[in-house]
Amino acid sequence: MLLNVHSYYSLRYGTLSLEELITGMQQNGYDTVVLTDINNSTGSLDLLKQGSKAGLNILAGMEFRNGDNLLYIGIARNNAGFKAMNEIMTQANKEHRLLPEDAPSLADVFMVYPFGSKDVNKLQDNEFIGIRPSEINRIRLDSPRNMDRYVILATVSFKREDFKFHCQLRAIDHNILISQLTKDMVGSRAEVFIPRVQLMELYREVPLLIRNTNVLLAQCSFDFDFKSMKNKATFTGNRYNDKQLLHKYTNDGIGRRYAQTDTNAIQRVQRELEVIEKLNFSSYFLITDDICRYARSREFHYVGRGSGA
């Protein structure tokens, strides 16, 4: 029911830890939330892991902003939608460019605009307008056609007692005094958990919004396999070939760095290779070398570390 929840990964804005979000859901009667941190999805997998253990339905999203300007909120229909949102944000970060005013067309993502920022008649099939509790009176007499495009937008960013902390973070973000903050630089005091029963009562006279929000959430799922190892287990396909390839690379390196008659160097290298193989690290060295080789080919900056270097 909560489509717009921020954790402290919304840097210099949100104050809630992932544990506090879980507790807030449980104490206020919510079984579903969408984590929509500002311009990032850092906390999504950890919240999914913690929330699943607590029997809660955690969905993935992202709030897209240019500075203080809230553009739209993305809610992933599935894992593909989650990936698509991250790719959009990554590309914008790499190119140091602003996000577009109109949401990109992503088949697996619902987009929710803040009220007043988008003409309801120009929305795409996957786009909606979010109505905050303070905005209900402004749409109460709208046509049923418009009502079909409205959903509940009850943002959560901090605990009630942490609003001052939120303002301090906003001042730090703008590098100004707290007294210099303007209304558009800070969130509303209402961006806190309220009991679900109370939230439903606020929207009681516009039941279509409750229905629309439930229908939207019912179409979304987010899951991740936390048990299986995602990293490559070997470089060549088996440990024996990895061992042989590492030995070859090492012997090639000896020839470049030391005299072939340097018995001390050869003996030291042999001892190192024995330790590496005993710890089953041959594959690790080869995979790391592959990453470094790719970085060099793309002129990425990287730093090697450890005795293996």
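You'll find the structure just up there.
Since the model is a prediction, treat every value here as computed from it, not as a measurement.

### Re the environment of Asp37
Logical step 1: The residue Asp37 is located in the loop between strand E2 (32-35) and helix H2 (44-53) in this model.
Logical step 2: Each C-alpha atom, one on Asp37 and one on Pro207, is 27 Å from the other, the two residues being 170 residues apart in sequence.
Logical step 3: Engagement of the side chain of Asp37 in a polar contact is seen with the side chain of Ser10, the distance being 2.6 Å.

### Structural notes on a nonpolar patch on the surface
Logical step 1: A cluster of nonpolar side chains, contributed by Val275, Leu279, Phe281 and Tyr284, occupies part of the molecular surface with about 410 Å² of accessible area.
Logical step 2: Within the secondary structure, Leu279 is located in the loop between helix H10 (263-278) and helix H11 (282-297).

### A look at the nonpolar core
Logical step 1: Of all hydrophobic cores here, the largest spans 73 residues; its most connected members are Leu2, Ile75, Ile152, Leu199, Leu209 and Leu216.
Logical step 2: The element contributing the most residues to this core is strand E4 (residues 69-76), with 6 residues.
Logical step 3: Sequence-distant contacts of Leu216, defined by excluding residues within four places in its chain, comprise Leu3, Ile75, Phe110, Phe128 and Val151.
Logical step 4: Counting 7 residues, the second largest nonpolar core, distinct from the first, contains Leu245, Leu246, Ile254 and Leu273.

### Focus: the sheet that holds strand E1 (residues 2-5)
Logical step 1: Taken in spatial order, the 7 strands of this open sheet run E1-E2-E3-E4-E5-E6-E7, and their pairing is mixed. The outermost strands of the open sheet, each flanked by one partner alone, are E1 and strand E7 (150-152). Neighbour to neighbour, the strand axes of the sheet diverge by 35 degrees on average, direction disregarded.
Logical step 2: With 4 bridges joining them, E2 and strand E3 (residues 57-66) adopt parallel strand pairing. In the strand pairing of E3, Thr32 is matched with Asn57.
Logical step 3: Its contacts with the sheet place helix H8 (residues 207-218) against E1, E2, E3, E4, strand E5 (109-114), strand E6 (127-131) and E7, and it is angled at close to 80 degrees to E7.

### Let's talk about the environment of Thr236
Logical step 1: Mapped onto the fold, Thr236 is located in the loop between H8 and helix H9 (239-257).
Logical step 2: Take Thr236: its relative accessible area is 36%, and that puts it in the partly exposed class.
Logical step 3: Sequence separation between Thr236 and Val120 is 116 residues; the distance between their C-alpha atoms is 55 Å.
Logical step 4: Apart from residues lying up to four places away in sequence, Thr236 is in contact with Asn241, Asp242 and Leu245.
Logical step 5: Polar contacts involving the side chain of Thr236 include one to the main-chain carbonyl oxygen of Asn238, which spans 3.2 Å.

### Notes on the pairing of E5
Logical step 1: Burial analysis of E5 places 6 of its 6 residues in the buried class, which makes it a mostly covered element.
Logical step 2: Judged by which residues are buried, E5 turns out to be covered on both faces: Val109, Met111 and Tyr113 on one side and Phe110, Val112 and Pro114 on the other are all buried.
Logical step 3: Pairing between E4 and E5: 4 bridges, direction antiparallel. Note on E5: the bridge partner recorded for Ile75 is Phe110.
Logical step 4: Of the strand pairs in this sheet, E5 and E6 are connected by 4 bridges, and their pairing is parallel. Note on E6: the bridge partner recorded for Met111 is Glu127.

### As for the packing of H9 against H10
Logical step 1: Contact geometry for H9 and H10: axes closest at 11 Å, N-to-C directions at 160 degrees. As far as their axial angle goes, H10 and H9 are roughly antiparallel. By crossing handedness, the relation of H9 to H10 is classed as right-handed. Residues Lys243, Leu246, His247, Thr250 and Ile254 of H9 form the contact with H10, whose own contacting residues are Ile266, Val269, Leu273, Ile276 and Glu277.

### With respect to the pattern of salt bridges
Logical step 1: The final tally for this structure, using the stated rule, is 14 salt bridges.
Logical step 2: Between Glu63 and Arg65 there is a salt bridge whose closest N-O contact spans 2.4 Å.
Logical step 3: Look at Arg65 and you get buried, because its relative accessible area is 11%.
Logical step 4: The salt bridge partner of Lys248 is Asp252, with a shortest N-O separation of 3.1 Å. Of this pair, Lys248 and Asp252 both sit in helix H9, separated by 4 residues, roughly a single helical turn.
Logical step 5: Look at Lys248 and you get partly exposed, because its relative accessible area is 47%.
Logical step 6: For Asp252, a relative accessible area of 37% gives the class partly exposed.
Logical step 7: When salt bridges that share partners are traced, they join Arg12, Asp68, Arg170 and Asp173 into one network.

Here is what the cut-offs are and how they apply
Residues numbered from 1 in each chain as written. Predicted model: local features only at pLDDT ≥ 70, side-chain atom pairs only at ≥ 80, totals over all residues. Heavy atoms only, no water. Helix = DSSP H or I, 4+ residues; strand = E, 2+ residues; numbered from the N terminus. Polar contact = N/O pair within 3.5 Å; in protein donor to acceptor, adjacent residues only side chain to side chain. Patch = residues over 30% accessible without salt bridge, like charges linked within 9 Å, V, L, I, M, F, W, Y side chains within 5 Å. Areas by Shrake-Rupley, 256 points an atom, 1.4 Å probe, with all protein chains shown as cover. Salt bridge = Lys/Arg side-chain N within 4 Å of Asp/Glu carboxyl O. Core = buried A, V, L, I, M, F, W, Y, C linked by side-chain atoms within 4.5 Å. Buried < 20%, exposed > 50% of the residue type's maximum accessible area, 1.4 Å probe, protein only. Contact = heavy atoms within 4.5 Å. Pairing = 2+ DSSP bridges. Axes fitted to C-alpha atoms, helices over the stretch in contact; angles between N-to-C directions. Parallel < 35°, antiparallel > 145°, perpendicular 65-115°, else oblique. Left-handed = near helix turned anticlockwise from the far one by under 90°.

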